[in-house]
Amino acid sequence: MGRDLYQHTTKNLARARSGRLSIATTLAFLVVIGPAFGQAILEGERFHPATAKQGMVATSHTLATEVALDVLRDGGNAVDAAVTAGFALAVTQPRSGNIGGGGFMLISRGDGSEPEAIDYREKAPAAATETMFQDKSGNVVRDRSRFTHLAAGVPGTVAGLALALERHGTISLERALAPAIRLAREGFIVPHRFTEGLEQARERLERWPATLATFYRPDGSAWQPGERFHQPELADTLQRIADHGVKGFYAGETARLIADEMARHGGPITLEDLKDYRPEVRTPVHGTYRGYDIFSMSPPSSGGTHIVQILNILEGFPMADFGHNSADAIHHMAEAMKLAYADRSKYLGDTDYVDVPLEGLTSKGYAEELRKTINSEKARPASDINPGQPAAWESPETTHFSVVDKWGNAVSNTYTINFSYGSGITVEGAGFLLNNEMDDFSARPGVPNAYGLIGGEANKVEPGKRMLSSMSPTIVRKDGKNVLVTGSPGGSRIITTTLQVILNVIDHGMNIQTAVSVPRMHHQWLPDEIRIEQGISPDTIRLLEDRGHTVVRGSAMGAIQSIMIDEDGTLYGGADPRRSTSSAMGY
Ligand code: GLY
């Protein structure tokens, strides 16, 4: 039996305490008012969530959290606030927030009606071909799908956010865009992470004059922490959307600027591609885990399918008894992850183009078959499951935000331009970066993408098709009520990051801030290694190596922004300290 989700939700925290808690203030509380937290710490809690009664927003940038929270305070609902956050992040966090990319929004209303997903993933332009990222001999030309105008899929974010608002919102698109336009036009104070990102990506970004002019100082250096950064062209682009709706992006001046940018550099996106772009309403993947209902993203994302598949496998193991991040827990998670990622490489793709055996992959029966192949004492080599040669490149720049309103409506949204700063190419005159999402297709079946993920025929490039994703916006329900809203960036590690927050809450009884903060692990079948964050003990690593695992210490994985809803409606926000600008705030 799973533990009750509410078991350790730090009810002992003073409810009167303000819900406005950023990572910095959370840490400050721990240092300054340590004794007040003594009991919670003794109970095993290491971090404390923001708490609130009426509404909660968790995003990866404080300014986006604030403007979304204002919408909730003014009587808007979770979708209104989420769309407002989505546009604000496009201004304050250009490395991953975007209008030049795409993503997925999961919406679960407080009335218990069926959750729905808005798929605004980018699409391959009409001129895309199966071999566009190969040379004449059929070898994959890697940079072509990453750092050229061919790398960009037709952006979906503006259409997706507008559709969410149209279907579920109560405010106008103009209102949702207003804070983003203000932040772009009046500027905002640059945090350290902003400067650091631009300095790190300089070599890749400075190749493009419009990118240099848009994101760097006139002398070419990066804006420094504490300075005010303005984006007048982006403000104009956003204003055109406010004035003309989605046509203000997919037609008219902005569409012309995108098409001209493409034409100047041999890129394939045309005015026609932009005019034809449509987001889709999809049914989320559904599964159960120890009495909870799990809703997550369906294809063209692989996220929901494999979260449910891995949970189904793990349900047969006593995860709570193993203990969080014990060798037993990590071993069983790794074995289940390997099996799921091997299936991903073969079966997953855009269901508008290929048949994906979703029911089979997410069935309890199939999980039982897979579970029988797991040896509790010994790692199964990935080569026994399927062969492959992964690449070393990685870049986890996607961003996630979660919102819950006073009616219990929940929104879980993950969107991306793929790499940090996407393709690195700014649309001249429009002030925003283009994605490099075409790299998420199989450039050639069997050849890994940037995340080392192997894709199959199901994910080959086809005109108008959506490339396979790992984004996993997820909402967990109990008895028809939303209880956990979560999701993460992290490339191939999105699935396992989101999975571990679910396990941390359901199996290990953690409060939401602890669940997002504790160290994580990852296995994706190939490379055949368990990747761990700092904080897993050396003797645990030795025990895993004794079972035949290769264990590799990597950098931080994911930036999960989550909200938990207690039995009595109290909201708990958990912002991921791995991204220093993360914040969860409520009222
Ligand atoms: N671009 C990363 C993903 O969609 O999974």
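See above for the structure.
We now turn to the structure provided with this report. Fair warning: this is a prediction, and the values are worked out from it, not measured in the lab.

A word on the site of the ligand. In the neighbourhood of the ligand, the contacting residues comprise Arg-121, Asn-418, Glu-437, Asp-440, Tyr-451, Ser-469, Ser-470 and Met-471. Note that a nitrogen atom of the ligand is positioned 2.7 Å from one of the side-chain N or O atoms of Asn-418. Between Glu-437 and the ligand, the recorded distance is 2.6 Å, taken from a side-chain N or O atom to a nitrogen atom. Residue classes in the shell around the ligand are distributed as two nonpolar, three polar and three charged.

Close contact between helix 3 (residues 62–73) and helix 4 (residues 78–92) brings their axes to 8 Å; oriented N to C, the two are set at 155 degrees. Judged on the interaxial angle alone, helix 4 and helix 3 are roughly antiparallel. Crossing geometry of helix 3 relative to helix 4 is assigned as right-handed. Together, Leu-63, Ala-64, Val-67, Ala-68, Val-71 and Leu-72 of helix 3 and Ala-78, Asp-80, Ala-81, Thr-84, Ala-85, Ala-88, Leu-89 and Thr-92 of helix 4 make up the contact between the two elements. When its residues are assigned to classes, the contact of helix 3 with helix 4 shows 11 nonpolar, two polar and one charged.

For the rest of this paragraph, the subject is the pairing of strand 14 (residues 481–486). Among the six residues in strand 14, five count as buried, and that is most of the element. Inspection of the sheet shows strand 13 (residues 474–478) paired to strand 14 by five bridges, in the antiparallel sense. Bridged to Val-476 within strand 14 is Leu-484. What sits between the antiparallel neighbours strand 13 and strand 14 is a turn of two residues, in which Asp-479 has the positive phi angle 50 degrees.

Attention shifts here to the pairing of strand 9 (residues 285–289). Consecutive side chains of a regular strand alternate in pointing toward one face of the sheet and then the other. Only one face of strand 9 is covered, namely the face carrying Val-285, Gly-287 and Tyr-289; the face carrying His-286 and Thr-288 is uncovered. Looking at chain direction, strand 9 and strand 10 (residues 292–296) are connected through five bridges and run antiparallel. In the sheet register, His-286 faces strand 10, and the bridge partner there is Phe-295. The turn linking strand 9 back onto strand 10 is made up of two residues, and Arg-290 within it adopts a positive phi angle of 50 degrees.

Here the focus is the side chain of Ser-470. Topologically, Ser-470 is positioned in the loop between strand 12 (410–416) and strand 13. In this structure Ser-470 comes out as buried when scored by relative accessible area, which is 7%. Looking at Ser-470, its side chain comes within polar contact range of the side chain of Arg-344, at 3.1 Å. If sequence neighbours within four positions are ignored, Ser-470 has contacts with Ser-301, Ser-302, Gly-303, Arg-344, Leu-453, Gly-491, Ser-492, Ile-494 and Ile-495.

Quick look at the sheet that holds strand 17 (residues 551–553) now. Taken in spatial order, the three strands make up an open sheet running 15-16-17, and their pairing is mixed. Looking at the sheet topology across the chains shown, the edges are occupied by strand 15 (521–522) and strand 17. Alignment of strand 15 against strand 16 (residues 530–532), held across two bridges, turns out to be antiparallel. Bridged to His-522 within strand 16 is Arg-531.

This paragraph deals with the pattern of salt bridges. Applying the stated criterion to the full structure yields 32 salt bridges. Notably, a salt bridge pairs Glu-122 with Arg-121, separated by 4.0 Å at the nearest N-O pair. Assigned by exposure class, Glu-122 and Arg-121 land together as buried. With its nearest N and O atoms 2.7 Å apart, the salt bridge here joins Glu-335 to Lys-338. Placement of both Glu-335 and Lys-338 in helix 16 (residues 327–347) is noted, with a separation of three residues, approximately one turn of the helix. Of the two residues, Glu-335 and Lys-338, neither departs from the other in class, the shared state being buried.

Our next topic: the packing of aromatic side chains. This model, assessed by the stated rule, comprises 10 aromatic pairs. Judged by centre distance (5.0 Å) and plane angle (55 degrees), the rings of Phe-194 and Phe-229 are tilted. Highlighted residues: Phe-194 in helix 7 (residues 192–200) and Phe-229 in strand 7 (residues 228–229), separated in sequence by 35 residues. Accessibility expressed as a relative area gives 7% for Phe-194, which makes it buried. Judged by relative accessible area, Phe-229 falls into the buried class, the value being 0%. With 5.9 Å between their ring centres and 10 degrees between their planes, Tyr-250 and Tyr-277 make a pair best called stacked. Taken together, the residues Tyr-250 in helix 11 (residues 247–250) and Tyr-277 in the loop between helix 13 (271–276) and strand 8 (280–282) connect sequence positions 27 residues apart. Assessed through its relative accessible area of 6%, Tyr-250 is described here as buried. A residue is classified by how much of its surface remains accessible, and Tyr-277, at 4% relative accessible area, is buried.

About the thresholds
- Residues numbered from 1 in each chain as written.
- Predicted model: local features only at pLDDT ≥ 70, side-chain atom pairs only at ≥ 80, totals over all residues.
- Heavy atoms only, no water.
- Near = heavy atom within 4 Å.
- Polar contact = N/O pair within 3.5 Å; in protein donor to acceptor, adjacent residues only side chain to side chain.
- Nonpolar A, V, L, I, M, F, W, Y, C, P; charged D, E, K, R; others polar.
- Axes fitted to C-alpha atoms, helices over the stretch in contact; angles between N-to-C directions.
- Helix = DSSP H or I, 4+ residues; strand = E, 2+ residues; numbered from the N terminus.
- Parallel < 35°, antiparallel > 145°, perpendicular 65-115°, else oblique.
- Left-handed = near helix turned anticlockwise from the far one by under 90°.
- Contact = heavy atoms within 4.5 Å.
- Buried < 20%, exposed > 50% of the residue type's maximum accessible area, 1.4 Å probe, protein only.
- Pairing = 2+ DSSP bridges.
- Salt bridge = Lys/Arg side-chain N within 4 Å of Asp/Glu carboxyl O.
- Phe/Tyr/Trp six-rings, centres within 6.5 Å; stacked < 30°, edge-to-face > 60°.

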